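Structural characterization, general
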Amino acid sequence: MNVHLVGSVPLANAAEVFETVSAVLGPRIKRLPDGETGERRDWITWLEPVFADNPALQKSGEFFRVHASGTGRERYALKPGFRAEDMRFDNLFYADIAKKSYAEFKRLKDAGKIAAATKFQVDLVPAHSVIWLFLIDALHAPVDPLYNDAVKREIDKIAAAIPHDELAIQFDVASAVFARLERNEASSYGRSKAEMQDTFSAIVADLGNRVPAGVDLLYHLCYGDSNHRHVVEPTDLGDMVEFANRLTRTIKRPIALIHMPVPRNRADDAYFESLKRLTLRPETELCLGLVHYTDGVAGTKQRLATAKKYAGNFSIATECGFGRRDPSTIPELLRVHAEVADLD
C-alpha cells in the first residue's frame, strides 16, 4: 500500500521533514508535504494577520471555539463604514511559502534523498474553514467567494512557480463542513444536509477545477483535530462517501486522491459499510486514515482488516496531520506506516 501524509509534521523545518520522512518511507510515499513547520504548526491559526491587518476589519468582542477542548479566538467584524464586498485578500502567503519549500525539495531530490517519483505537496484550505474561525457568522456568506478568489490566485502563483509534473495540491475540507453535516446544522451554506452537501461539493469542485490538469489534485476530509479529538465524532463514513460521490460527479478534471479519517475505536463493520456506495473514478485513489500511534501496528491491522471488506485498493494515513503531536513520536509513527504499508 502507498502512504499519504495529510500535511503537518512537527519537525524543525521543511528540509528535516523531507529527509526524515523519505528515509523511512522511501517510494511508499507518492507526495511529500513540507510539514507546515514553525508558525504553521497549528493548521490555519497562522493566517491571523490576513484578518488582523485587513483595513476593513476589527475585533468583534465575540469569541469562538471550534473544538470543545481548544482555545477560544476572538472573531473579526466589519469596521464602521465598510461593506463586506469592499474586503480584499491580496496575499494568503501559501505561494510564497511553497516556493521556498520547493527549493529545498528540489535540492534534496537532486541529491537522491527523495525518491525520484515523489511529488511536492502543497495543502490549501478553502474559505469555509478559515472564515468559520476568524469571522463572525454574518460575514460568512458574502466573504466566502472573496476569500476563495484569493485561494485561486495562490493556486495560479504556485502553478506558475513549480513544474506541474512535480506538484500536488491538496484541499483540506475540514470540520466546518463535516461537523455541520454530522449535526445536520443549518447555516448560510444550506438549511439541510442535502443543501449543504450540494453547496460544499460545488465550492471545492470549483477550487479543484482551478488546479492545472498536469498537477495532482487531492482532498483531505476531516472532522478536526484538537488534543487528538474531533470536533464531533463521525457516525460512519456515510457523509464523506456522499460528499466524495457528489464531488466526483461535479468536478471537470481528475482527482488523484481522496482521504477519509477512521477513528481509533472504529474497527466495526458499521463504520465502513458506506464504502460500498463509493463511486470514485478509476484514476482516484481512496486513502483511509486508519493509522493511530496509540495502538500502533496491532490496532491499525484491525481497522485495516475491516476496511478491506468494503473497499478494494487504498492507501493509508493518519486521520489528520501530525502537527499537534510530540515530535519525539514521529519516528515510531512513520515506522508504523512503513510496516503496515508492507503487509500482504
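The structure displayed is predicted, hence computed values, not measured ones.

1. Side note on the overall build of the protein chain
Looking only at helices and strands, one finds eleven helices and nine strands in the protein chain. Taken over the C-alpha trace, the protein chain has a radius of gyration of 19 Å; the compact-globule value for 344 residues is 20 Å, and the two agree within 12%. Put simply, the protein chain has 344 residues, and 58% of those count as buried. Partitioning the contacts of the protein chain with sequence separation of at least 6, the portion at a separation of at least 24 is 76%. Accessible surface computed for the protein chain: about 13800 Å², of which carbon and sulfur atoms make up 49%. Charge separation in the protein chain, taken as the distance between the mean sites of 44 positive and 48 negative side-chain charges, equals 1 Å.

2. What about the packing of helix H6 (residues 175–183) against helix H8 (residues 238–250)?
Packed helices, taken two at a time, are described by the angle their axes make and the gap between the axes. Closest axis-to-axis distance for the H6/H8 pair is 10 Å, and the angle between their directions is 120 degrees. If you check the angle between H6 and H8, you find them oblique. You can see that H6 and H8 cross each other, and the crossing is right-handed. Only Asp239, Met240 and Phe243 of H8 make contact with H6, whose side of the interface consists of Val177, Phe178, Leu181 and Glu182.

3. What to know about the sheet that holds strand S6 (residues 216–221)
Taken together, the seven strands give an open sheet; going across it, the order is S1-S4-S5-S6-S7-S8-S9, and neighbouring strands pair in parallel fashion. Two strands lie at the open edges of the sheet, namely strand S1 (31–33) and strand S9 (315–316), each paired on one side alone. Alignment of S1 against strand S4 (residues 119–124), held across three bridges, turns out to be parallel. Directly across from Pro33, in S4, lies its bridge partner Gln121. In the packing of helix H3 (residues 94–110) onto the sheet, contacts are made with S1 and S4, and the angle to S4 comes to roughly 160 degrees.

4. A look at the environment of Arg183
Tracing the chain through its elements places Arg183 in helix H6. The partly exposed category is assigned to Arg183, whose relative accessible area is 39%.

Cut-offs and rules
- Residues numbered from 1 in each chain as written.
- Predicted model: local features only at pLDDT ≥ 70, side-chain atom pairs only at ≥ 80, totals over all residues.
- Heavy atoms only, no water.
- Helix = DSSP H or I, 4+ residues; strand = E, 2+ residues; numbered from the N terminus.
- Rg over C-alpha atoms; globule rule 2.2 N^0.38 Å.
- Buried < 20%, exposed > 50% of the residue type's maximum accessible area, 1.4 Å probe, protein only.
- Contact = heavy atoms within 4.5 Å.
- Areas by Shrake-Rupley, 256 points an atom, 1.4 Å probe, with all protein chains shown as cover.
- Lys, Arg positive; Asp, Glu negative; His and termini not counted.
- Charge placed at Lys NZ, Arg CZ, Asp CG, Glu CD.
- Axes fitted to C-alpha atoms, helices over the stretch in contact; angles between N-to-C directions.
- Parallel < 35°, antiparallel > 145°, perpendicular 65-115°, else oblique.
- Left-handed = near helix turned anticlockwise from the far one by under 90°.
- Pairing = 2+ DSSP bridges.

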